[in-house]
Amino acid sequence: QRWGMRLWQWAFFEPHRFQPNPDKDAAWNRGAYLVTGPGHCGECHTPRTFYGVLEQDRAFAGAQLGNEKVPNITSDPATGLGKWSASDIGTVLQLGMTPNGDFVGSEMAKVVNNGTSKLPDADLAAIVTFIKSLPPHS
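Calculation criteria
Residues numbered from 1 in each chain as written. Predicted model: local features only at pLDDT ≥ 70, side-chain atom pairs only at ≥ 80, totals over all residues. Heavy atoms only, no water. Helix = DSSP H or I, 4+ residues; strand = E, 2+ residues; numbered from the N terminus. Contact = heavy atoms within 4.5 Å. Phe/Tyr/Trp six-rings, centres within 6.5 Å; stacked < 30°, edge-to-face > 60°. Buried < 20%, exposed > 50% of the residue type's maximum accessible area, 1.4 Å probe, protein only. Polar contact = N/O pair within 3.5 Å; in protein donor to acceptor, adjacent residues only side chain to side chain. Axes fitted to C-alpha atoms, helices over the stretch in contact; angles between N-to-C directions. Parallel < 35°, antiparallel > 145°, perpendicular 65-115°, else oblique. Left-handed = near helix turned anticlockwise from the far one by under 90°. Salt bridge = Lys/Arg side-chain N within 4 Å of Asp/Glu carboxyl O.

### Overview of the side chain of D123
Here D123 lies in helix α6 (residues 121–133). Ignoring sequence-local partners within four residues, the contact set of D123 consists of R30 and L34.

### Some points on the packing of aromatic side chains
A full pass over the atoms with the stated rule returns four aromatic pairs. Summarising the aromatic geometry, the rings of W28 and F130 are spaced 5.2 Å apart at their centres and angled 65° between planes, so their arrangement reads as edge-to-face. Of this pair, W28 sits in helix α2 (residues 26–36) while F130 sits in helix α6, and the two are 102 residues apart along the sequence. Residue W28 shares its accessibility class with F130, and that shared class is buried. Between F60 and F130, the aromatic rings sit 6.4 Å apart at their centres with planes inclined by 80°, giving edge-to-face as the arrangement. Of this pair, F60 sits in the loop between α3 (42–45) and β1 (63–65) while F130 sits in helix α6, placing them 70 residues apart in sequence. With respect to burial, F60 and F130 carry one shared label: buried. An aromatic cluster is defined as three or more aromatic residues linked by ring pairs; in this entry it consists of W28, F60 and F130.

### A few points about the environment of N72
Inspection of the secondary structure puts N72 in the loop between β2 (68–70) and α4 (86–95). Take N72: its relative accessible area is 6%, and that puts it in the buried class. Separated by 65 residues in the primary sequence, N72 and H137 place their C-alpha atoms 7.8 Å from one another. Discounting chain neighbours no more than four positions away, the residues touching N72 are F60, A61, G62, T79, G80, L81, H137 and S138. Polar contacts involving the side chain of N72 include one to the main-chain amide nitrogen of T74, which spans 2.7 Å. Here T79 takes part through its side chain, which lies 2.9 Å from a polar atom of the side chain of N72.

### Some points on the packing of α4 against α6
Interhelical geometry of α4 versus α6 gives an angle of 125° and a closest axis separation of 9 Å. The angle between α4 and α6 places the two elements in the oblique class. Handedness of the crossing formed by α4 with α6: right-handed. Side by side, α4 and α6 meet where A86, I89, G90, L93 and Q94 of the first sit next to D121, L124, I127, V128, I131 and K132 of the second.

### Considering the pattern of salt bridges
Following the criterion strictly, the structure yields four salt bridges and no others. D123 is the salt-bridge partner of R30, the closest N and O atoms lying 3.1 Å from each other. Residue R30 is found in helix α2, and its partner D123 is found in helix α6; the two are separated by 93 residues along the sequence. Judged by its relative accessible area of 36%, R30 falls in the partly exposed class. D123 gets classed as buried once you look at its relative accessible area, which sits at 14%. With a closest N to O distance of 3.5 Å, E55 and R58 form a salt bridge.

Shown next, in the form of C-alpha cells:
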C-alpha cells in the first residue's frame, strides 16, 4: 500500500507552510492555523473528489465518510453553522454539546474529549473566530 500512497502524493500532494493573512487579526490567524494545520478539521469536514483529494472550493461544507455524514461547519444558515453563535460553537468544542442539547458522537466526540476540550481559552476563541468567518458553502 505504501507505493500507492507515494503515487497519490506525487500526483496530488502539495506541501506548503501556513501563511498568515495580513488583512486579518492575530486571533483569526491563530484560528486559521489551528483549524487548517494541527486540527486538520477539513480532513473530515471537506468533501473529496473520486481520487480522495479535498475539494477546496467547498472547504468545510461537510462530507460523507463511509456511512457517516460529517456536518457543514461553514456560515451557511441553512446547512451549516450560520445561525449558531460564537458561544454555541465554543460549547461544542469544549463540551461536545450542540445548541439543541444533543451531543456530538463518533469521531467528533473523540476530537472533543481528547483535543479541543483541553485547549487554552485563547486558542479555543481563535478557532471559533476562524470558523465563524468561513464563507457559506452547501
